[in-house]
Amino acid sequence: MQKKVLYYAAIYLRLSRDDEDIDGSTKRESDSISSQRELARSFVKEQPDMELFDIYIDDGFSGSNFNRPNFKRMMADIEDGNVNCVVVKDLSRFGRDYIEAGRFIQKIFPAFSVRFIAITDHYDSLTADQSTTSLVIPVKNFVNDSYCQDISEKVKSHQRLKREKGKFIGAFAVYGYQKDSEDKNKLVVDEYAAKIVRNIFAWKLDGMSNFAIANRLNDNGIFSPLQYKKSHGQNYSTGFRTGIVPQWSAVAVKRILTNEIYTGTLVQGKTEKVNYKVSKILEKPEAEWFKVAGTHEAIISKEVYQNVQRLLKVDTRAEKGKEKAHIFSGLLFCGDCKEPMIRRVNRYKGTEKVYYICSTRNRSEGCSRHSIAEADLKEVVFQIIRSQAALLIDVNRQMQYIQTKEMEFGDVVGFDKEITRLRNEQEKYLELRAGLYEDLKIGVITQEDFKNFGEIYEQQYTETEKALTKQEEMLKKLFYNGVQSGVKLERMKETMRITALDRDTLLVFVERIEVYEGKKVLVQFCYQEEIEKMLMLSEVLSSQSEEVI
């Protein structure tokens, strides 16, 4: 007579990275999927009242939550009445979230009349008494949960250490790079993709919008970063995909243009999970990112990167029907209202006149036209740049000569007006803080005022200290290294040889151009602070050199 089957068993197996050592080696061979399967199948086979219905395997899924594909499939079979017994190796294989695990074992499974068996924990819901179910199981689930939390903290700590050392820990290398075949924590240049990255930066500097750059890449049949990774067999996915065939977009272009990694600086830790139980990702403030310079070969220079960041802050859209913006795009502003100047073209009897006017005036919202012809503006700005370049080349020549006189750095610090001002400011905050105690003693201020003012003066002193350190470091760098440390001397020499202004020269030297009434033009250079300090230093060194003579 055939034996009547009472239980249709589901064997559930799970293994994840949580169950490995941080270095990737297997923690316990007994937890492997094959070992779990062998143990569970032998157990089911030995039970006279049990028949195997199916085996459900979640390989590579954390036990910190129950959002697992095969676990969901098993629950669907339970709800359909196909399974009335669940067998696992132990409670940790079932799950490490003690609250959710307890809910399934004590509430959900009993509601579906499902028998639950954890073999090596010697738990069987059919025979377990109330104390085992209510006390022992919750305690074991809590231990498993604590283990998961402990592993999560260890992994975070290990990742933090790697980030601080400048080791790359991402699953996929950013577009333009690939992982070193001999060291997965190091990035090496992918020459093909790196060429595309250089083109993107060059086109941006040339005045193209992000949208125009994306269109050019798509028109030329260049694979988007997602397409490129997939073409190399990488199982890569992203939330930015917008169609069946992923293409370049303005957003994708901007992500590349704003990624400092292309300068050779490794930037990691921009996001983090809420905790080991919740998969939600949070953006972290830039101050908490991990930045380590010089970890890999740069694709673009820091100078190019910084120039692009300046352009991204302003409107550099091209005129209708054109791919590139005008030469002064993103750099030209009204000197009075500080709004961008806009380009206008007058065509009359076959002639064309190009000029710039204030955008505020153009909207009839006040200000004045500040009109200036493009040809005149180019000439004025070019002559200002050439004059500045000539001046700094001459200053550099003087500094190189003067530094042969073996003058000490300490001799010139006292002549720096900004350093002197900051030191006096520090002394003022020290005196104000020292006077608080006397004011408190004679009753001029309260105890609360004493505390609040003390904190304010301390903060102002600290901020002044930072500014002072910055000024001294700049002065020291210029004193020992000359012009090369502050500005690109070679680019200045090149500028002296060219005969007309181009956008490349403009972006290298100019931060901002302001136009006032009467066609007065003010040029603010990228290295304005360094330039001013260098001129001061040259003057000080020259005067001291004359005194020695």
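Further up the page is the structure itself.
What you are looking at is a predicted structure, and each value in this text was computed from that prediction instead of being measured.

Moving on, we get to the overall build of the chain. Counting secondary structure elements, the chain contains 18 helices and 17 strands. Each of the 549 residues in the chain was classed as buried or not, and the buried ones make up 42%. Restricting the contact set of the chain to residue pairs at least 6 apart, pairs at least 24 apart contribute 67%. Approximately 30900 Å² of the chain is accessible, and the part contributed by carbon and sulfur atoms is 50%.

Another point: the packing of aromatic side chains. Any aromatic ring pair is given by two values, namely how distant the centres are and how the planes are angled relative to each other. The tally for this structure, following the rule as stated, stands at 19 aromatic pairs. Note on Tyr 12 and Phe 71: the rings are 5.6 Å apart at their centroids and 80 degrees apart in plane angle, and the pair reads as edge-to-face. With a gap of 59 residues between them, Tyr 12 in strand S1 (residues 7-15) and Phe 71 in helix H2 (residues 69-79) connect regions that are remote in the sequence. Side by side, Tyr 12 and Phe 71 carry an identical accessibility label, which is buried. Following the ring pairs from residue to residue traces out a cluster consisting of Tyr 12, Phe 66, Phe 71, Phe 94, Phe 104, Phe 109, Phe 116 and Tyr 123. The positively charged end of Arg 115 is found above the aromatic ring belonging to Tyr 7, 4.8 Å away from the centroid. Its end group placed over the ring of Trp 203, Arg 216 keeps NZ or CZ at 4.7 Å from the ring centre.

To continue, consider the pattern of salt bridges. Scanning the entire structure with this criterion turns up 15 salt bridges. When the shortest N-O distance is used, the salt bridge between Glu 514 and Lys 338 registers 3.0 Å. With a gap of 176 residues between them, Glu 514 in strand S16 (residues 510-516) and Lys 338 in the loop between strand S12 (332-334) and strand S13 (341-348) connect regions that are remote in the sequence. Three or more residues joined by partner-sharing salt bridges are found here, namely Asp 49, Arg 115 and Asp 124.

On to the sheet that holds S13, then. What the 3 strands build is an open sheet, ordered S13-S14-S15; its pairing is antiparallel. Every interior strand has two partners, whereas the edge strands, S13 and strand S15 (372-373), have only one. With 8 bridges connecting them, S13 and strand S14 (residues 351-358) associate as antiparallel partners. Each bridged residue has a counterpart across the sheet, and for Arg 344 the counterpart in S14 is Tyr 355.

The next point concerns the pairing of S1. With 8 of 9 residues buried, S1 lies mostly within the body of the structure. By the bridge criterion, 9 bridges tie S1 to strand S2 (residues 50-59) in an arrangement that is parallel. When the bridges of S2 are listed, Tyr 12 appears paired with Tyr 56. Pairing between S1 and strand S3 (residues 85-88): 3 bridges, direction parallel. Of the residues in S3, the one forming a bridge with Ala 10 is Val 86.

Those residues of helix H9 (residues 250-257) that fall on the buried side of the exposure criterion are Ala 252, Val 253, Ile 256 and Leu 257. Buried residues of H9, seen end-on, are gathered within an arc of 140 degrees and therefore sit on one face of the element. Buried residues along H9 sit against helix H6 (191-205), helix H7 (210-219) and helix H10 (302-312).

Moving on to H2. Within the span of H2, buried status applies to Asn 70, Phe 71, Met 74, Met 75, Asp 77 and Ile 78. Buried residues of H2 fall within an arc of 160 degrees about the axis and therefore sit on the same side. Gly 81 sits one or two residues past H2 and shows a positive phi near 85 degrees.

Tyr 175, Trp 248, Tyr 262, Phe 328, Val 381 and Leu 506 are the most contacted members of the largest nonpolar core, which totals 58 residues. If you tally residues by element for this core, the top one is H6, at 8 residues.

What counts, and at which threshold
Residues numbered from 1 in each chain as written. Predicted model: local features only at pLDDT ≥ 70, side-chain atom pairs only at ≥ 80, totals over all residues. Heavy atoms only, no water. Helix = DSSP H or I, 4+ residues; strand = E, 2+ residues; numbered from the N terminus. Buried < 20%, exposed > 50% of the residue type's maximum accessible area, 1.4 Å probe, protein only. Contact = heavy atoms within 4.5 Å. Areas by Shrake-Rupley, 256 points an atom, 1.4 Å probe, with all protein chains shown as cover. Phe/Tyr/Trp six-rings, centres within 6.5 Å; stacked < 30°, edge-to-face > 60°. Lys NZ or Arg CZ within 6 Å of the ring centre and 35° of its normal. Salt bridge = Lys/Arg side-chain N within 4 Å of Asp/Glu carboxyl O. Pairing = 2+ DSSP bridges. Arc of directions from axis to C-beta. Core = buried A, V, L, I, M, F, W, Y, C linked by side-chain atoms within 4.5 Å.

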